[in-house]
Amino acid sequence: MKISDVKTFLVHPGIAKNLCFVKIETDSEIFGWGECYTQTDRDTQIVSHIEQIKRYLIGRDPRNIKHFTQSFFNDFAGRRGSMEFFCAISGLEQAMWDITGKLLNAPVHQLLGGAFRNKIRVYANGWTSKNIPEEYDSTLTKPLTQTERLSILAKETVKSGFTALKFDPIPGPWRTHIDKTTEYKAIENVAAVRDAVGDEIDIMVEIHRRLSPSSATKIAKSIEKYNPFWFEEPVLAKNIKALEMVKKSISIPVVTGEELYTKFEFREVFERQAADIINPDICNVGGILELKEIAAMAEPYFIGVSPHNYNSTTIGLAATLQLCGTIPNFIITEYFTNLESFGNKISKTPLKVENGYIELPNSPGLGMELNESILEQYPYKQFPPKPPVQHFNEGP
């Protein structure tokens, strides 16, 4: 079997960000799908990487997956990685697993050691960007505050069947040092969400790597009484000592990993026990096998794995489910509710959340197929520029 073509689909869902899908075709009738992580303003660059890699993929056997990821890091990238490179590699790697599973008439999880569980717990994210339901709108007499919006939308998310949800409580632009007003507002937002959903629902607090250790620790200590499930990315993982400092100072489990790529960047996190849980993303960490190897490295350190998944609810999610179904130290994974309706449009076999879980797909390959004709109806569009912050807008 040889690769005959590689196609990319950079599509605009109308919200959040553009999504990047890749399809590998072979000289047989078998093809495979993958998905690459994207960010707003960092999406066409990933397609460019795939187009360059494609020149070296034509004629290769797609089943030699490990050799592909290692040799292209060595020989194509010159052992010099970047987010865009690993996003491209991750999507292509997933497509190769999809092809291999279809060829062997087996789901990918059966090729990775078999199922460890038959359903995967998911938490809701993206819910804070949704519109307030009409029944609330009709009773409102003034614009809602951020805290009021969070309270209402958290309740609605739980009503839709989720038992866990994640959000970033800190208002304003991402800054390392924040003032007391911002700090108090973040604490108020966490309190409001806990009050809205009750004690039985798990809430995950996301910090997005933005804070200094001192600011992160102050907020964490103030919200401990609301029993967050975790405190995600309090500081940049590039400074492992700072991360370790936060972890040792608070009683909430600390998560890190979505900004780290390949097992090499996770090594020190494990050695220093700098996190309780890691959240690598299957669409940028290097692919399915790379994430499985990272999870195995984490296991003897008693570190849990909760894959990040700011991707579509189609291919990226399907690949994540296949991996999560095989690892002993899996905890929970991410599901973006604001991308669900678009995912259902483009997927031939939409994945369904029931009572906070998704059944482990058992169809050959990733268990997910996309409709190309529908993808073509949503071509790439550049999002409007982000509001610029000038020096005179910065605080003290």
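Rules used in this analysis
Residues numbered from 1 in each chain as written. Predicted model: local features only at pLDDT ≥ 70, side-chain atom pairs only at ≥ 80, totals over all residues. Heavy atoms only, no water. Pairing = 2+ DSSP bridges. Helix = DSSP H or I, 4+ residues; strand = E, 2+ residues; numbered from the N terminus. Axes fitted to C-alpha atoms, helices over the stretch in contact; angles between N-to-C directions. Contact = heavy atoms within 4.5 Å. Salt bridge = Lys/Arg side-chain N within 4 Å of Asp/Glu carboxyl O. Buried < 20%, exposed > 50% of the residue type's maximum accessible area, 1.4 Å probe, protein only. Polar contact = N/O pair within 3.5 Å; in protein donor to acceptor, adjacent residues only side chain to side chain.

Q: Just checking my understanding: could you explain the sheet that holds strand 3 (residues 31-36) for this structure?
A: What links the strands of a sheet is backbone hydrogen bonding, and the strands pair in either a parallel or an antiparallel sense. If you walk across this open sheet you meet the three strands as 1-2-3, and the pairing is antiparallel. Sheet topology places strand 1 (3-11) and strand 3 at the edges, where each strand pairs with a single neighbour. Here the strands of the sheet are splayed against their neighbours by 20 degrees on average, with no regard to which way each runs. Pairing of strand 2 (residues 19-26) with strand 3 involves six bridges; the strand directions are antiparallel. Of the residues in strand 3, the one forming a bridge with isoleucine 24 is glycine 32. Packed on one face of the sheet, helix 1 (residues 44-57) meets strand 1, strand 2 and strand 3 and runs near 175 degrees to strand 1.

Q: I would appreciate a short explanation of the pattern of salt bridges in the present structure.
A: Close approach of charged atoms allows side chains of opposite charge to pair. Considering all chains together, one arrives at 27 salt bridges under this definition. Between glutamate 25 and lysine 7 there is a salt bridge, with the nearest N and O atoms lying 3.2 Å from each other. One end of the pair, glutamate 25, is in strand 2; the other, lysine 7, is in strand 1, with 18 residues separating them in the sequence. For aspartate 98, the salt bridge identified is with lysine 102, shortest N-O distance 3.2 Å. One end of the pair is aspartate 98 and the other is lysine 102, both in helix 3 (residues 83-104) and four residues apart, which spans about a single turn.

Q: Quick question: what am I supposed to make of the environment of threonine 320 here?
A: Mapping threonine 320 onto the fold places it in helix 12 (residues 315-324). Threonine 320 gets classed as buried once you look at its relative accessible area, which sits at 0%. The sequence separation of threonine 320 and glutamate 25 amounts to 295 residues, and the corresponding C-alpha distance is 22 Å. A distance of 2.8 Å separates a polar side-chain atom of threonine 320 from the backbone oxygen of glycine 316.

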